[in-house]
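One-letter residues, chain by chain:
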Amino acid sequence: MKNAIIFGCGRIGTATYRKLKNQYSILAWSDNNESLWGSKKEGILIVQPIEIPELLKKENTDVFVAVENGKKIVEQLRSLQIKNIYIWKKTFFYLVDGLFPYKENTGMYYKKNKKEETHILFVSATAGIRDHKTAKAVKKTGKKVHLAYLKFSPYDIDSEYANIYEDIYSFMSIQALQDFIDNSDFDLVHSSSEPDYITALLARSNKPIIHDCHDLSSSNRTMFPEELTLEYIAHKEAVGVVYPTEGLRNEAIRRFGLSWDKTYVLENFTSEELIPHKKKEKISRFDGELHCVYEGAILEGDKASKRYFEEIWLKLARSGIHVHFYTNYDINYCHYLESMNPKIHFEGNLSSKQLSVELSKYDIGLCIYNTNDSNKLYLEHSSPNKLYEYVNAGIPVAVGNVECHRIFAEENGFGRQVNMDRELYPQMRTIAEIKIKERILQEKGFTFESKIQGLLDFYNQAIEQKKQENL
């Protein structure tokens, strides 16, 4: 077995360790953070960078630079006369000298024990909540579900979902993933990627590939010609495509000339198991003030992003409205957001099960995005998880100037639109008075489980079509 040193003790380094530990003997970690030197991670010593050359006296040792922007680290290592350096670039590792991709050992494939069982492989760079919910619901029907990832494992991001899968496989190259799929006994591959490079590269596999399109990237940002090409290939060459909304499906059919029966809509509904059996006391009952909540991703710095919330939340806070938020984003930025105003509160990061109860103590759920010309089309075809999760917790929703969100909230009695240019407190007080009926999502068929049989039929259609193509 070869040896490895991992440079970088953060999240990317941890993900790299999970991938390498079965292929390498990990000699040490290293990092430029002096406070880590001499301590251990995963039971392995963290050394100073200047100690690496001594470790490299052991033959067959590679150094993996596992940080977001590793160019300066590579220069630092080269100044120490270190060779055999691999650098992490977004998803894959490349040998610095020539940028050849890391070559994995292949030949380990999955073989069924029982031929009659249906085995489905979910594939993603980093599986998200939608992927896990789909896999879990499919598993409940008796299917066997597996996961292959390229970037982060559920253990790195959403550990509560790790036990859904029969097996979790990690890959550091698309070549190894393709080889694994072609030579394993999976009946179908459910591929989720954005941008769409994974589906595009797997489209010629001998297995039926379902592309789960979370959104049309080209409707959300300016893309390079090669990215547009990959998006086109993913939609055209996959055996079937799944969309989160009817609007997105219609737009994709128009853009790519897809046939209707090649598509399926699986909304971002909440799971029935997350319907809370108890609720918490409202914070507002104790202080008489108005408390709203946001849960989900946020983004720092990019004022064009739909998830840039600084100005929106500050405007709410200055209007006397408390903004509480839950996210797994960088904690330093979360504390910065808190520092902007005493009424903005970072509440940490909770599991979906915990959140389903925790959200109930607030008056209003926030589904107000930072809309602009670059993301408005995307948002008009979106189906935010949080919209359903707020209603699931029994709290009404405040939506912004996205028409499809407004229509959904107001037609179902779930909430109302907020005009950010008008006085905010009276608008939010009116929304807080909306009563959400118990188990209303289940009553209306707005749960994930209500759509799974249709997805299974879609899977079977794809499997049969691929069999005909392979004859």
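Everything below is about the structure shown above.
Predicted, not measured: the structure shown is a model, and the values here were computed from it.

A. Examining the packing of aromatic side chains more closely. The final tally for this structure, using the stated rule, is 27 aromatic pairs. Each member of the aromatic cluster is reached from another via a ring pair, and the members are Tyr294, Phe309, Trp313, Phe325, Phe346 and Tyr369. Lying across the ring of Trp29, Lys41 places its NZ or CZ 5.3 Å from the centre. One cation-aromatic arrangement involves Arg249 over Trp260; the distance from NZ or CZ to the ring centre is 3.8 Å.

B. The arrangement of the sheet that holds strand β13 (residues 209-212) in detail. The sheet built from seven strands is open, its strands ordered β11-β10-β9-β12-β13-β14-β15 with parallel pairing. On the outer flanks of this sheet lie β11 (168-170) and β15 (263-265), each paired with one strand and no other. Neighbour-to-neighbour, the strand axes of this sheet turn through a mean angle of 20 degrees, independent of strand direction. Summarising the sheet, strand β14 (residues 240-243) and β15 pair through three bridges and their orientation is parallel. Opposite Val242, over in β15, you have Tyr264 as the bridge partner.

C. Main features of the environment of Gly320. Along the chain, Gly320 falls in the loop between α10 (310-318) and β17 (321-326). When the C-alpha atoms of Gly320 and Leu290 are compared, they prove to be 7.7 Å apart, with 30 residues separating the residues in sequence. Each residue touching Gly320, except ones within four places of it in the same chain, is listed here: Lys343 and Tyr425.

D. Up close: the pairing of strand β9 (residues 119-126). Burial analysis of β9 places seven of its eight residues in the buried class, the great majority of the element. Taken together, the seven bridges between β9 and strand β10 (residues 144-152) define a ladder with parallel strand orientation. Opposite Leu121, over in β10, you have His146 as the bridge partner. The parallel pair β9 and β10, bridged by helix α4 (residues 129-140), forms a crossover whose chirality is right-handed. Pairing of β9 with strand β12 (residues 188-192), which is carried by five bridges, proceeds in the parallel orientation. Bridge assignment links Val123 to a residue of β12, and that residue is Ser191.

E. How the structure looks around unusual backbone geometry. The residue Asn60 is not glycine, and still its phi comes out positive at about 55 degrees. On the secondary structure map, Asn60 appears in the loop between α2 (52-55) and β5 (61-65). Asn60 sits in the exposed class, given a relative accessible area of 52%. Even without a glycine there, the phi angle at Asn84 is positive, about 50 degrees. Mapped onto the secondary structure, Asn84 falls in the loop between α3 (71-79) and β6 (85-89).

F. Focus on the pattern of salt bridges. The full count for this structure, using the stated rule, is 24 salt bridges. Lys112 serves as the salt-bridge partner of Asp187, at 2.8 Å between the closest nitrogen and oxygen. Highlighted residues: Asp187 in the loop between α5 (174-182) and β12 and Lys112 in the loop between β8 (100-101) and β9, separated in sequence by 75 residues.

G. The side chain of Ser284, seen in detail. Among the secondary structure elements, Ser284 is positioned in helix α9 (residues 284-287). Setting aside chain neighbours within four positions, we find Ser284 in contact with Glu289, His291 and Asp363.

H. The pairing of β13, seen in detail. Neither face of β13 is exposed, since Ile209 and His211 on one face and Ile210 and Asp212 on the opposite face are all buried. Pairing of β12 with β13 involves three bridges; the strand directions are parallel. Residue pairing in the sheet places His190 in a bridge with Ile210 of β13. Pairing of β13 with β14 involves three bridges; the strand directions are parallel. Residue pairing in the sheet places Ile210 in a bridge with Gly240 of β14.

Basis of the calculations
- Within each chain, residues carry numbers counting from 1 in the order of the written sequence.
- Local features in this predicted model are restricted to residues whose pLDDT is 70 or higher, and side-chain atom pairs enter the listing and the counts only when it is 80 or higher, whereas totals over whole chains, interfaces and linings include all residues.
- Hydrogen atoms and water are omitted, and side-chain values are computed over all heavy atoms in the structure.
- Each aromatic pair joins two rings of Phe, Tyr and Trp (for Trp, the six-membered one) with centres within 6.5 Å, and gets the label stacked for planes under 30 degrees apart, edge-to-face for over 60, and tilted for any other angle.
- Here, a charge over a ring means that NZ of Lys or CZ of Arg falls within 6 Å of the ring centre while also lying within 35 degrees of the ring normal.
- Whether two strands pair depends on DSSP finding at least two bridges between them.
- Think of it this way: any DSSP run of H or I at least four residues long counts as a helix, any run of E at least two long counts as a strand, and we number them from the N terminus.
- The axes are straight lines fitted to the C-alpha atoms, using for helices just the contacting stretch, and the angles between their N-to-C directions are given from 0 to 180°.
- Pairs of residues are marked as contacts when any of their non-hydrogen atoms sit within 4.5 Å.
- Categorising residues by exposure relies on relative accessible area from a 1.4 Å probe, with only protein chains included: less than 20% of the type maximum marks a residue as buried, more than 50% marks it as exposed, and the intermediate range marks it as partly exposed.
- For crossovers, right-handed means that the path from the first strand over the helix to the second runs clockwise, given strands pointing away from the viewer.
- Salt bridges are identified by distance alone: a Lys or Arg side-chain nitrogen within 4 Å of an Asp or Glu carboxyl oxygen.

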